[in-house]
Amino acid sequence: ELSFTRRMSQGLLAEVNYTFGHAIDDVQDQGIWASDPQNLYNLRAERGNGSGDVRHNVTFNILYNLPVGTGHRLFRTGIPSRMFSGWKVSSLGIFRTGIADTVYIGTNTYGNQNFTNQRPDCVPGVSEYASAKSVNGWLNPAAFSMPAAGTYGNCARNTFYGPSFKQIDFSLLKDTNLGESRDLEFRAEFFNIFNHPNFDQPDSYYGTPGFGQIFNTLGRTIGGGTSRQIQM
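These figures come from a predicted structure and were not determined experimentally.

K.L.:
For the sheet that holds strand β1 (residues 2-9), give the residues involved together with the corresponding values.
P.N.:
Each strand in a sheet pairs with its neighbour through backbone hydrogen bonds, running either in the same direction (parallel) or in the opposite one (antiparallel). Taken in spatial order, the 7 strands of this open sheet run β1-β2-β5-β6-β13-β14-β15, and their pairing is antiparallel. Only two strands of the sheet have a single partner each, and these edge strands are β1 and β15 (229-231). Recorded for the sheet is a direction-independent mean angle of 10° between the axes of neighbouring strands. For β1 and strand β2 (residues 12-20), the ladder comprises 6 bridges, and the chain directions are antiparallel. Counted as the bridge partner of S9 is L12 from β2.

Structure (C-alpha cells):
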C-alpha cells in the first residue's frame, strides 16, 4: 500500500492511495456461488486466484476552496462577496484492474452427475483472451476444450480477469452563512462525469452461444459503474 496526503494548505486538500494485492484461495467466497469443489477427491485443483482478486487499485480525492470572495483579492465585499464566497470544487476517482473469474462448463464429463463448478480443459500455449479484447469477444474459445468422458477439466479457478474499472466523480459546492447557528450548502454532483462505460464480467460458460461476450455494464441502476448521473 502507498498513500500520499496533502493536508489543507492554501485551500487545497488531496489524497491518493495505491494498493497492490493478490488473493489466493480454494473456494468461491462470494455467496452467489456454490462452494463445492469440482472434484471432491482433488481439493488441490481448487487452489487459484481468489474470486475477489484485484491486483492494482488507485483511488484519489481532492477538495479545493476557490480563492474568491471574503478573505481573498477578488469579490471581497458587498453583494459580490455573498455571491462568490464559499465556493468549492471536489473530485474523487477509482481506478482498478479487472477481477479474477473462472471459465465453466454447464455439464459433467466425469459421469457422476455433479454439475457444480465444472471446468473445461485448457489448451496449452493458447491465450485465453481474444486477440483484441472487446465486449463482443473477451475470451478466446480456442483456448478451451471439453474434457474427455470420464475425466474432469484441468483448467484452474479464476484464471482470467474481466474489464478494468475507471470512474471520476465531481462536485461543485457553495457554503453560505445565514447567521451564527445556520448555514446553507448547495451541491451539484456529477457521478461518472465523463460517462465512461464500465463493463461487467463476460459470459464465462464455455460452449454457450454468448461465451466470451459482455452483455451488461457493471452498474445498471445506482452506485459505481452506472452511466453519468447528476443531482443538485
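Still to come is the rest of the account.
K.L.:
Let's hear about the pattern of salt bridges: which residues, and what values?
P.N.:
For the structure on display, the rule yields 6 salt bridges. Here D175 ties to K88 by a salt bridge, and the two come within 2.9 Å at their closest N and O atoms. One end of the pair, D175, is in strand β13 (residues 165-177); the other, K88, is in strand β6 (residues 87-96), and 87 residues separate them in sequence. Classification of D175 by relative accessible area gives partly exposed; the value is 28%. Measuring nitrogen to oxygen at the nearest pair gives 2.9 Å for the salt bridge that ties R187 to E189. Look at E189 and you get buried, because its relative accessible area is 13%. Members of the salt-bridge network, linked through shared partners, are E185, R187 and E189.

K.L.:
So what's going on with the nonpolar core? Which residues, and what values?
P.N.:
The tendency in soluble globular proteins is for nonpolar side chains to be buried as a group. In terms of nonpolar packing, the biggest core is built from 11 residues, these being V103, I105, W138, L139, A143, F144, C155, F160, Y206, F211 and I214. Ignoring any residue separated from it by four or fewer positions in sequence, one finds I105 in contact with Q118, R119, P120, M146, P147, Y205 and Y206.

K.L.:
Explain the pairing of strand β9 (residues 129-134) to me, using residue names and the numbers behind them.
P.N.:
Taken together, the 2 bridges between β9 and strand β10 (residues 137-139) define a ladder with antiparallel strand orientation. Counterpart to Y129 in the pairing with β10 is L139. The antiparallel hairpin formed by β9 and β10 contains 2 residues in its connecting segment.

K.L.:
Report on the state of the cysteines, specifying residues and quantitative values.
P.N.:
In the structure shown here, the tally under the stated rule is 1 disulfide. The disulfide that involves C122 links it to C155, with 2.0 Å between the sulfurs. Since a negative S-S torsion denotes a left-handed disulfide, the C122-C155 link at about 130° is right-handed. You can see C122 sitting in strand β8 (residues 121-122) and its partner C155 sitting in the loop between β11 (144-145) and β12 (160-161), a full 33 residues away along the chain.

K.L.:
I'd like a description of the side chain of R119, backed by residues and values.
P.N.:
Inspection of the secondary structure puts R119 in the loop between β7 (100-101) and β8. For R119, the side chain forms a polar contact with the main-chain oxygen of A45, separated by 3.3 Å. Only 2.7 Å separates the side chain of R119 from the backbone oxygen of C155, close enough to count as a polar contact. Excluding its chain neighbours within four sequence positions, the residues that come into contact with R119 are Q38, A45, E46, T102, V103, Y104, I105, P147, G153, C155, A156 and R157.

K.L.:
Hey, could you go over unusual backbone geometry for me, with residue numbers and the actual values?
P.N.:
In this structure, N117 takes a positive phi of about 55° despite not being glycine. Taking relative accessible area as the criterion, N117 reaches 12% and is therefore assigned buried. Of note in this structure, N192 is not a glycine but carries a positive phi near 55°. Tracing the backbone shows N192 in the loop between β14 (183-191) and β15.

K.L.:
A description of the packing of aromatic side chains should follow, citing residues and the corresponding values.
P.N.:
Applying the stated criterion to the full structure yields 8 aromatic pairs. Ring geometry for W87 versus F186: centroids 6.5 Å apart, planes at 75°, classification edge-to-face. Separated by 99 residues along the polypeptide, W87 in strand β6 and F186 in strand β14 bring together distant segments of the chain. We classify W87 as partly exposed; its relative accessible area is 21%. The exposure class of F186 is partly exposed, given its relative accessible area of 36%. An aromatic cluster of at least three residues, connected via ring pairs, comprises F144, Y206 and F211. Just above the ring of Y129 sits the side chain of K133; from NZ or CZ to the centre is 4.5 Å.

Thresholds, definitions, all that
Residues numbered from 1 in each chain as written. Predicted model: local features only at pLDDT ≥ 70, side-chain atom pairs only at ≥ 80, totals over all residues. Heavy atoms only, no water. Pairing = 2+ DSSP bridges. Helix = DSSP H or I, 4+ residues; strand = E, 2+ residues; numbered from the N terminus. Axes fitted to C-alpha atoms, helices over the stretch in contact; angles between N-to-C directions. Salt bridge = Lys/Arg side-chain N within 4 Å of Asp/Glu carboxyl O. Buried < 20%, exposed > 50% of the residue type's maximum accessible area, 1.4 Å probe, protein only. Core = buried A, V, L, I, M, F, W, Y, C linked by side-chain atoms within 4.5 Å. Contact = heavy atoms within 4.5 Å. Disulfide = S-S within 2.5 Å. Polar contact = N/O pair within 3.5 Å; in protein donor to acceptor, adjacent residues only side chain to side chain. Phe/Tyr/Trp six-rings, centres within 6.5 Å; stacked < 30°, edge-to-face > 60°. Lys NZ or Arg CZ within 6 Å of the ring centre and 35° of its normal.

Interpretation in functional terms is not warranted from these geometric data alone.
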